[in-house]
Amino acid sequence: MRLSDWQAGARRATTWLAAHLAECTARDDVSARDSTIPTVLPDLAGLVAYRRQLESAELPEEFEQILDHIQRHLSNPRLVQGCARHSQVLLCYGPLYAALCGCGREIPGFREILHKAMQSGALSRELVPHQQLRLVHCFEMAGLPAPWSYRDICTHMILCSDPNTLLLSEEDVRAITQSLFYLTDFSRRPGEFCRRFDRQQAIELLSQLLEVYLERQNPAMIGELLCALYCLQAPETGVTERAWLELLRIQHKDGGLVETRRPLDVEGRATIAAPRATILFVLASLMRGRARPLEVSGSSRALDYSETLKSAGEWLASRLRDADLASGLAVVAAFGMLLSVQIWSASWQSAVSAFFERQPLDSEALWKTDCETLVWSSVCAVACGFRQGRLAEFIHMVAKGFQQARVDTQSEGDPPFEKLCRLAMATSRAKDLRRQDDRPKSILRLLDHVVNDRLAEACLECRSQQNSRIRRDTLRWLALQQRADGSFGYSFAFWENPQDRLKDTLAAVSAFVWAGFGTDGTSWPRQPQAGPHDLESQRAPS
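Quick look at the structure, then.

Each value, and the rule that gives it
Residues numbered from 1 in each chain as written. Predicted model: local features only at pLDDT ≥ 70, side-chain atom pairs only at ≥ 80, totals over all residues. Heavy atoms only, no water. Helix = DSSP H or I, 4+ residues; strand = E, 2+ residues; numbered from the N terminus. Buried < 20%, exposed > 50% of the residue type's maximum accessible area, 1.4 Å probe, protein only. Contact = heavy atoms within 4.5 Å. Areas by Shrake-Rupley, 256 points an atom, 1.4 Å probe, with all protein chains shown as cover. Expected span 1.5 Å × (residues − 1). Polar contact = N/O pair within 3.5 Å; in protein donor to acceptor, adjacent residues only side chain to side chain. Phe/Tyr/Trp six-rings, centres within 6.5 Å; stacked < 30°, edge-to-face > 60°. Lys NZ or Arg CZ within 6 Å of the ring centre and 35° of its normal. Disulfide = S-S within 2.5 Å. Bend = angle between axes of the 7 residues up to and from the residue. Salt bridge = Lys/Arg side-chain N within 4 Å of Asp/Glu carboxyl O.

### Quick notes on the overall build of the chain
- Counting its regular elements, the chain contains 24 helices and zero strands.
- Residue burial in the chain is summarised as follows: out of 542 residues, 54% are buried.
- Sequence separation of 24 or more characterises 73% of the internal contacts of the chain that already satisfy a separation of 6 or more.
- Total accessible area on the chain stands at roughly 24200 Å², and carbon and sulfur atoms take up 49% of it.

Written out as structure tokens, the structure is:
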């Protein structure tokens, strides 16, 4: 994207804002207790204050018009009276006054009201962190001593608790972005963060959320997340480039951003969004114009789920005793996946051998089984000693169908196991690719499955995710769905289908193993020479 494209778009958007100021005005008859304020007014004030402090030169005409509009609105005597009498009104309108102060303007009597409110304890209210940060920023811009410090509040921010991407509402995301706005003074300073804050993880989270809201086609949140990334001096990536292209795509020819999620009007035209999306577009363009990105290194904290998988394996082994051929092969396939990440128990080997010994291995029935299940079952059979009894018969039948595996029952050591692991990985990958007919919407599908507790479907979507953050957060969510007995899935019905629990557990094992090792096959481990029974004391790689 050329530099001139987004800069020209920002100029058109600024012109549009100056021409639509009437849409950013609260009622003139605001009462003393009324804290109603258009949500775009603080954003509009923050935009002008940011633009004013970028350069010492005079503001362009459009910004002067916006500033005049805010000053006229805040000079309403009834509003000033309401701010003096009721702290909730002052909390809403104080940031507007602070923005005027940052631009060298004054509202008679307002500074005294703000100062007395702080001294009298009127502002000592239960506020969430981003509201506290807004108040501190307000006092700072107005030149008054703030009641708290940024660093003390930062400890309680959502960002400092490593939140799960899948479980954040739009209100949560706005709390995150607004906190960064005030902490960094809209990107003008590094920010007074506490020790718990991890800049790399914050950038990773915001980038993932930007992907989510790009798919949701929410222009206001796209602009807000872009601004938050610039506040952290994040480098430009493919996601931010896509975000800019999307904002330019939905910009109307007169400069306003089109709300693509709303229905068309009577003439079939897209309706114009509320000014907030346009304001954030201009703010993001100003931030981008002065951005000095810092290098980002490192990755998400890896989590060890070996105990989770061991517990699931124990439950699956108990199900194998009475399983039919189809269900049993699915369980054996899960053991093959667990073995590939060096998680094993000697009791599982006995259960697998006993299962094959009592099963009539009919060739026709066998090949009705899912292809992926067969190759992962073969991985387990090879590791359990396929040269004896029904295990040998099973592996020969599978090898006959998969000539590319070329499994030799007389071979010693690792080669047969490695070949089957590669075949299992390739088969699993091919299955994922076949079902990705709507790849751009996969994150939204994953979020929908999580919200509606469709565990098995969420597991399948997790396998196809390329982004490390969304995979990690999905696995964190899946770990919460494990029962005390090791199985996965909770049912609140009066009766429960045992097959559903088995399906959910098998899907969860697959998701943990597959997501942990990626899709290129480079990190698949070799089978140790000592045999699978020695794997019990080893832990899976993070």
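Now that the structure has been shown, we can carry on.
### Side note on helix H7 (residues 129-142)
- Between its terminal C-alpha atoms H7 stretches 20 Å, which fits the 20 Å expected from 14 residues at 1.5 Å a residue.
- The set of residues buried in H7 consists of Gln132, Leu133, Leu135, Val136, His137, Cys138, Phe139, Met141 and Ala142.
- Buried residues belonging to H7 abut helix H2 (40-54), helix H5 (87-102), helix H6 (110-120), helix H8 (150-154) and helix H9 (170-183).

### Quick word on the side chain of Ser487
- By the secondary structure assignment, Ser487 is in the loop between helix H23 (468-480) and helix H24 (498-517).
- In this structure the side chain of Ser487 is engaged in a polar contact, spanning 2.8 Å, whose partner is the side chain of Asp485.
- Sequence-distant contacts of Ser487, defined by excluding residues within four places in its chain, comprise Trp315, Gln481, Gln482, Arg501 and Thr505.

### Considerations on the packing of aromatic side chains
- Following the criterion strictly, the structure yields 12 aromatic pairs and no others.
- Here Trp344 and Trp348 contribute two aromatic rings whose centre-to-centre distance is 5.9 Å and whose plane-to-plane angle is 80°, an arrangement assigned as edge-to-face. As far as the burial class goes, Trp344 and Trp348 line up, both buried.
- Among the aromatic residues, ring-to-ring pairing joins Trp6, Trp244 and Phe281 into one connected group.
- Directly above the aromatic system of Phe63 lies the positively charged group of Arg51, at a separation of 5.7 Å from the ring centroid.
- Above the ring of Tyr213, the side-chain terminus of Arg216 is found at 5.2 Å from the ring centroid.

### Some thoughts on the environment of Arg390
- Looking at where Arg390 falls in the secondary structure, it is placed in helix H19 (residues 389-401).
- Arg390 sits in the partly exposed class, given a relative accessible area of 26%.
- Linking Arg390 and Arg358, residues 32 residues apart in sequence, is a C-alpha distance of 8.7 Å.
- Not counting residues up to four positions away in its chain, the partners in contact with Arg390 are Phe356, Glu357, Gln359, Pro360 and Leu361.

### Comments concerning the state of the cysteines
- Applying the stated criterion across every chain, the model contains zero disulfides.
- This cysteine, Cys103, is not joined by any disulfide, and Cys101 carries the nearest cysteine sulfur, 9.4 Å off.
- Summary of cysteine pairing: Cys227 is not part of a disulfide, and the nearest cysteine sulfur, belonging to Cys231, is at 6.8 Å.
- What makes Cys227 buried here is its relative accessible area of 0%.

### Re the environment of Gln481
- Within the element layout of this structure, Gln481 appears in the loop between H23 and H24.
- Considering only alpha carbons, one finds Gln481 and Asp504, 23 residues apart in sequence, at a separation of 9.6 Å.
- Apart from the residues lying within four places of it in its own chain, the contact partners of Gln481 are Leu455, Ser487, Phe488, Gly489 and Tyr490.

### Points about H5
- Helix length check: H5 (16 residues) gives 22 Å between terminal C-alpha atoms against 22 Å at 1.5 Å per residue, within 8%.
- A maximum bend of about 40° is found in H5 at Tyr93, where proline Pro95 lies one to four positions downstream.
- By the criterion of burial, H5 is predominantly enclosed, with 14 of the 16 residues buried.
- Following H5 by one or two positions, Gly104 adopts a phi angle in the positive range, close to 80°.

### With respect to the pattern of salt bridges
- Applying the stated rule across the entire model yields 22 salt bridges.
- Between Asp43 and Arg276 there is a salt bridge, and its shortest N-O distance comes to 3.1 Å. Here Arg276 lies in helix H13 (residues 275-290) and Asp43 lies in helix H2, a separation of 233 residues in the sequence.
- Here Glu224 makes a salt bridge to Arg276, at a shortest N to O gap of 1.9 Å. Placement of the pair is Glu224 in helix H11 (residues 219-231) and Arg276 in helix H13, with a sequence separation of 52 residues.

Nothing here speaks to function; it is geometry throughout.
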